[in-house]
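# Report on the structure
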Amino acid sequence: MRHFLSTEDWSRNELQSILDRARELRSSPMGNALKGKSVALMFFNPSLRTRSSFQIGVQQLGGIAIVLDAQGQTWPVEFEEGAIMDGGPEEHIKEAARVLSRYADLIAIRCFPKFQDWETERDDPLITAYAKHATVPVINMETIVHPCQELAMMLALQDRHGDVAGKDFLLTWVPHPKPLNTAVANSAVLMASKMGMNVRMLIPDDVYQLDERYMDAAERFCGENNARFSVTTDIEEAYTGAHAVYAKSWGALPFYGAWEGEAPYRAKGAGFMIDDAKMALTDAATVSHCLPMRRNVKIADSVVDSPAFLGIEEAENRLHVQKAMMERLVQGSDG
């Protein structure tokens, strides 16, 4: 049995096989891989693309999707080992995961960090506990990484650029009124580096470096692929010659849970919005974002509305890559 928690745990060849299958499913969307099977979709946080694409994808493969609002329509769950449950949670994850496994053939979870203590939350405790105690495959619909999004991103890049190995991928921090989760940024550098791209990160200040786990992994994957990994605060250096630009805002981890101290560092990125002048420095680069996206804050209208923008294709690809991934998981589980 295999879980899909992070692409860090899957080989480049395995991920490419999922992408190749996703292309087939895009051309011929209906199938029976999930016929007679059910998928539990647990949402601890709101969703538009994730919920829609998973529900529709399960239906197109002949299965049944059960959507659970885990914030208000199920019991609060305790997931710490040895907990004395005399507080809010009514049920332990040991029971919840095993019972849900008796009902569903796949369990998918969306659970953002609480922005309280990164040293604890960097271990992804809730989905890790579900994966430990479930007896069916568990899928990450976004926690501290977003593996489904990065598959969709890579499918869009390969469609436009062909073989992406050796091409220059720029992950740029962009402005946002508030600090956000690092999940998509973590996933973007994991996927781009694993697929052999030269990865650059553009940040307003060194405080915006990602957790060392993802920085080290990106550097390791680049090394394995004879590619380069670099971090800069220089806009011109970052954009010059890039083939693919990826936009994301995230909070600075040194201020995790105490965001008021981040304000002066966030102000350094006031000029980081992607615009025509920056894109002119690239090698006719594509640009994308995971969505939702604040126009004229993160990316200028003129860029979003240009042929270079891949955000819509990437969003559509969520449907196809998730179907390919679920098909792979149930085939492994059945075998």
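Refer to the structure presented above.
Residues numbered from 1 in each chain as written. Predicted model: local features only at pLDDT ≥ 70, side-chain atom pairs only at ≥ 80, totals over all residues. Heavy atoms only, no water.

## A short note on the state of the cysteines
So the rule is basically this: Any two cysteine sulfur atoms within 2.5 Å of one another count as a disulfide. Think of it in three bands: with a 1.4 Å probe and only protein chains considered, a residue is buried below 20% of the maximum accessible area for its type, exposed above 50%, and partly exposed in between.
One pass over the full model with this rule turns up zero disulfides. Its sulfur unpaired, Cys111 is 15 Å from the next cysteine sulfur, which belongs to Cys148. In this structure Cys290 is not part of a disulfide, and its nearest cysteine sulfur, from Cys148, lies 13 Å away. Given the relative accessible area of 7%, Cys290 is considered buried.

## What about the pattern of salt bridges?
Applied cut-off: Salt bridge, as used here: a side-chain nitrogen of Lys or Arg that lies within 4 Å of a carboxyl oxygen of Asp or Glu. Starting at the N terminus, helices and strands are each numbered in turn, a helix being any DSSP run of H or I of at least four residues and a strand any DSSP run of E of at least two.
According to the stated counting rule, one finds 21 salt bridges in the structure shown. Between Glu8 and Arg213 there is a salt bridge; the shortest N-O distance is 3.1 Å. Taken together, the residues span a long stretch of sequence, with Glu8 in the segment before α1 (12-27) and Arg213 in helix α8 (residues 212-224) at a distance of 205 residues. A relative accessible area of 18% means that Glu8 is categorised as buried. Looking at Arg213, the relative accessible area reads 35%, which means it is partly exposed. Residues participating in the shared-partner salt-bridge network are Asp20, Arg23, Arg26 and Asp159.

## Describing the packing of aromatic side chains
Using the following cut-off: Aromatic contacts are taken between Phe, Tyr and Trp rings whose centres are within 6.5 Å, Trp giving its six-membered ring; a plane angle under 30 degrees counts as stacked, one over 60 as edge-to-face, and the others as tilted. Criterion for a charge above a ring: Lys NZ or Arg CZ within 6 Å of the ring centre, and within 35 degrees of the ring normal.
Taken as a whole, this structure holds nine aromatic pairs when the rule is applied. Between the aromatic rings of Phe4 and Trp10, the centroid separation amounts to 5.6 Å while the plane-to-plane angle is 70 degrees, which identifies the pairing as edge-to-face. With centroids separated by 5.2 Å and ring planes inclined at 50 degrees, the aromatic side chains of Trp173 and Tyr208 adopt a geometry described as tilted. In this pair, Trp173 sits in strand β7 (residues 168-173) while Tyr208 sits in the loop between β8 (198-202) and α8, placing the two residues 35 residues apart along the sequence. The pair formed by Trp173 and Tyr208 is uniform in burial state, with each residue classed as buried. Grouped by ring-pair contacts, the aromatic residues Phe115, Trp118, Tyr256 and Trp259 constitute a single cluster. The residue whose ring lies beneath Arg2 is Trp10, and the NZ or CZ to ring-centre distance is 3.8 Å.

## With respect to the pairing of strand β1 (residues 38-43)
This is how it is decided: For two strands to pair, DSSP has to find at least two bridges joining them. The path from the first strand over the helix to the second decides the hand: if it runs clockwise while the strands point away from the viewer, the crossover is right-handed.
Counting buried residues along β1, six of its six residues qualify, which places the element largely inside the surrounding structure. Burial along β1 is two-sided: the residues Ser38, Ala40 and Met42 and Val39, Leu41 and Phe43 are all buried. As paired elements, β1 and strand β2 (residues 64-69) share six bridges and run parallel to each other. Bridged to Met42 within β2 is Leu68. Assessed by its sense of winding, the connection that carries the chain from β1 through helix α2 (residues 49-60) to β2 is right-handed. With five bridges connecting them, β1 and strand β5 (residues 106-110) associate as parallel partners. Within β5, the position partnered with Leu41 by the bridge is Ala108.

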